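# Structure at a glance
The chain contents come next:
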Amino acid sequence: MTTGKERLGRRSSIPPKFVLIANLLRAFASKVNLPKNAINQGILVLRSNPNNALQVVRQMSEHRTMHIKPSRWSWNRFKDFMHFYIMLGAIPAALVITYINLFIGPARLAEIPEGYVPEAHEYFPHPITRWLTKHVHKSYQQEYELMCHHIYEIEYEQKLRQAENRIKRKMAEKQDTQAYYYQPVSSRYERSIRDNAQADLEISGSV
Amino acid sequence: MEDPPSLNDKSNSYVEFIKAVYRTVDRPVTWLREKVVVPNRPDNVYYHQKFRRVPTIDECYTDDRVCHFEAQQQFNRDKKVDGEIVQLVRQRYKECLIAEQPDHTRKCAKLQADFLKVSENFCMKYADLGPLNNVKDAYMKQKHRMLWERRHGKVGTGMKNQDAL
């Protein structure tokens, strides 16, 4: 791999002042304006010139090299994730939480006044918990009563089923009912099929 | 025995110096908090929730599942409260032990008796029931204990022979 230094010709006839400046500018240019790899590969070369301190010459050649090095994909992805989660996650969350803790602050404990029923969010001290309880979560009482109602409904259905099973077992034991067991029939589905078939007939002209 | 010496009794120039150094950091921060931060906060208040007593498991019919659910929830709440009571008594006993270290057998005897009594009562009601918090299991435990006590006398006095009733 050729470097810029080797490609610089006529080194001995260049005034030393220009050589010094050229070296300094080369060090700068590789960081600032010119592509890194191009400098390393010697495609772009800084050559000293009496009129200008620096002259960029593109030395086009067929001998282009590929810089073989390990992949930086994982490292770059890691940096992306770190930036994302810290800039958009940790820092805004820390700022918001600090603001809330400093300028709103936790509630103080007090006795429940006579005849007053506090709302669910007034049972918690921290402002964030209070907000969540007020706007996001279901309160303890709400969930409790929902569960009670659910159990009430389920229990009713269970009792119906248990009664049905007892009756069936008794009928099977005693075999004393004159009729066969009653099988409930619903013609809901037959009616629906008939109506659909009629609608199809009207629309399409045939079944 | 007298109380151990504290910094509030007597002081010397070294102690005063240390206190002054502490104050250089503490005074501005305390002033800022008391005069600037706290008055500008909204004065929110929170309460401790009081729950109504509902019928316990022994007052519920056997087929009343809603009553069972409410008794179970009350049992859970009572267990938490009793657990906190035991924690408080234990903490007091521990603090006494640490503070009175060489004389703890003499000075903390009452707190020790209290703690043992409270934890014994807690274990009588809630312990050895398995991982699930079932109120019916606790009720049955009470029933079995009463039967055992009827047959053999108080718990801790040993079993009588098998055919005692």
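Residues numbered from 1 in each chain as written. Chains lettered and ligands numbered in written order. Predicted model: local features only at pLDDT ≥ 70, side-chain atom pairs only at ≥ 80, totals over all residues. Heavy atoms only, no water.

Chain B goes by NADH dehydrogenase [ubiquinone] 1 beta subcomplex subunit 10 in an unreviewed UniProt entry, where it is assigned to Daphnia magna. The UniProt entry for chain B carries the following text under Sequence similarities (unreviewed entry): "Belongs to the complex I NDUFB10 subunit family." (UniProt positions renumbered as here; feature names shortened; annotations may be inferred.)

An unreviewed UniProt entry annotates chain A as NADH dehydrogenase [ubiquinone] 1 beta subcomplex subunit 5, mitochondrial of Daphnia magna. Its UniProt record gives chain A the following Subcellular location (unreviewed entry) comment, quoted word for word: "Mitochondrion inner membrane".

## Details of the UniProt feature "transmembrane region" (unreviewed entry) in chain A
Following the UniProt record, one finds the feature "transmembrane region" (unreviewed entry) at residues 82–104 of chain A. Summarising residues 82–104 of chain A: 96% helix, 0% strand, and an end-to-end C-alpha distance of 31 Å. (Helix = DSSP H or I, 4+ residues; strand = E, 2+ residues; numbered from the N terminus.)

## Topic: the packing of aromatic side chains
Residue and element names in this part refer to chain A. Tallied over the full model, the rule gives 11 aromatic pairs over all chains. On the numbers, 6.4 Å between centres and 35° between planes, the contact of F81 with Y85 is tilted. In this pair, F81 and Y85 both sit in helix α4 (residues 73–103), 4 residues apart, roughly one turn of the helix. Judged by relative accessible area, which is 40%, F81 ranks as partly exposed. Ring geometry for Y140 and Y144: centres 6.0 Å apart, planes at 40°, overall tilted. (Phe/Tyr/Trp six-rings, centres within 6.5 Å; stacked < 30°, edge-to-face > 60°. Buried < 20%, exposed > 50% of the residue type's maximum accessible area, 1.4 Å probe, protein only.)

## Examining unusual backbone geometry
The backbone of Q175 of chain A shows a phi angle near 55°, a positive value even though the residue is not glycine. Considering the arrangement of structural elements, one finds Q175 of chain A in the loop between α6 (140–174) and α7 (188–204). A relative accessible area of 59% places Q175 of chain A in the exposed class. Here D128 of chain B, not a glycine, exhibits a phi torsion of approximately 60°, which is positive. Given a relative accessible area of 77%, D128 of chain B falls into the exposed group.

## Regarding the interface of chain B and chain A
Contacts between chain B and chain A engage 21 residues on the former and 29 residues on the latter. Of the roughly 2300 Å² buried between chain B and chain A on both sides combined, carbon and sulfur atoms contribute 59%. When the buried area of chain B at its contact with chain A is split by residue, Y46, Y47 and F69 of chain B rank highest and sum to 34% of it. One salt bridge in this structure joins D63 of chain B and K159 of chain A, with 3.9 Å as the shortest N-O distance. At the boundary of chain B with chain A, the tally comes to 13 residue pairs in polar contact (both at pLDDT 80 or more). Those elements giving two or more residues to the side of chain B that touches chain A turn out to be β1 (45–46) and α2 (65–99) of chain B. For the side of chain B that touches chain A, the class distribution of residues is 8 nonpolar, 5 polar and 8 charged. Here strand β3 (residues 108–109) of chain A runs beside β1 of chain B; their pairing, made up of 2 bridges, is parallel. By the bridge assignment for β1 of chain B, R108 of chain A is matched with V45 of chain B. (Contact = heavy atoms within 4.5 Å. Buried area = accessible area lost by both parts, 1.4 Å probe. Salt bridge = Lys/Arg side-chain N within 4 Å of Asp/Glu carboxyl O. Polar contact = N/O pair within 3.5 Å; in protein donor to acceptor, adjacent residues only side chain to side chain. Nonpolar A, V, L, I, M, F, W, Y, C, P; charged D, E, K, R; others polar. Pairing = 2+ DSSP bridges.)

## Examining helix α5 (residues 135–152) of chain B
Residues and elements named next belong to chain B. Taking 1.5 Å per residue as the helical rise, α5 with its 18 residues ought to reach 26 Å, and the 26 Å between its terminal C-alpha atoms agrees with that figure. Every buried residue of α5 is accounted for by V135, A138 and H152. Along the axis of α5, the buried residues cluster in a sector spanning 130°; they form a single face. Where α5 begins, one side-chain oxygen reaches toward the backbone nitrogen of K136, 3.4 Å away; that side chain belongs to N134. Phi turns positive, to about 90°, at G153, one or two residues after α5. (Expected span 1.5 Å × (residues − 1). Arc of directions from axis to C-beta.)

## What to know about the state of the cysteines
Enumeration over the complete set of coordinates arrives at 2 disulfides over all chains. With its sulfur 1.8 Å from that of its partner, C60 of chain B forms a disulfide with C67 of chain B. Residues C60 of chain B and C67 of chain B share a disulfide whose torsion about the S-S bond is about -75°; that sign makes it left-handed. Accessibility classification places C60 of chain B together with C67 of chain B in one group, the buried group. Bonded cysteines in chain B are paired 1-2, 3-4 when counted in the order they occur along the chain. Looking at C148 of chain A, it has no disulfide partner, and the nearest cysteine sulfur is the one in C67 of chain B, 10.0 Å off. Looking at C148 of chain A, the relative accessible area reads 12%, which means it is buried. (Disulfide = S-S within 2.5 Å.)

## So, the nonpolar core
Where a protein is soluble and globular, its nonpolar side chains tend to be buried together. All names here are of chain B. Membership of the largest hydrophobic core is limited to 7 residues, which are I57, A71, F75, Y126, L129, V135 and A138. Secondary-structure elements contributing two or more residues to this core are α2 and α5. Once residues within four sequence positions are removed from consideration, A138 is found in contact with F75, K125 and L129. V86, Y93, C96 and F115 belong to the second-largest nonpolar core, a separate cluster that totals 6 residues. (Core = buried A, V, L, I, M, F, W, Y, C linked by side-chain atoms within 4.5 Å.)

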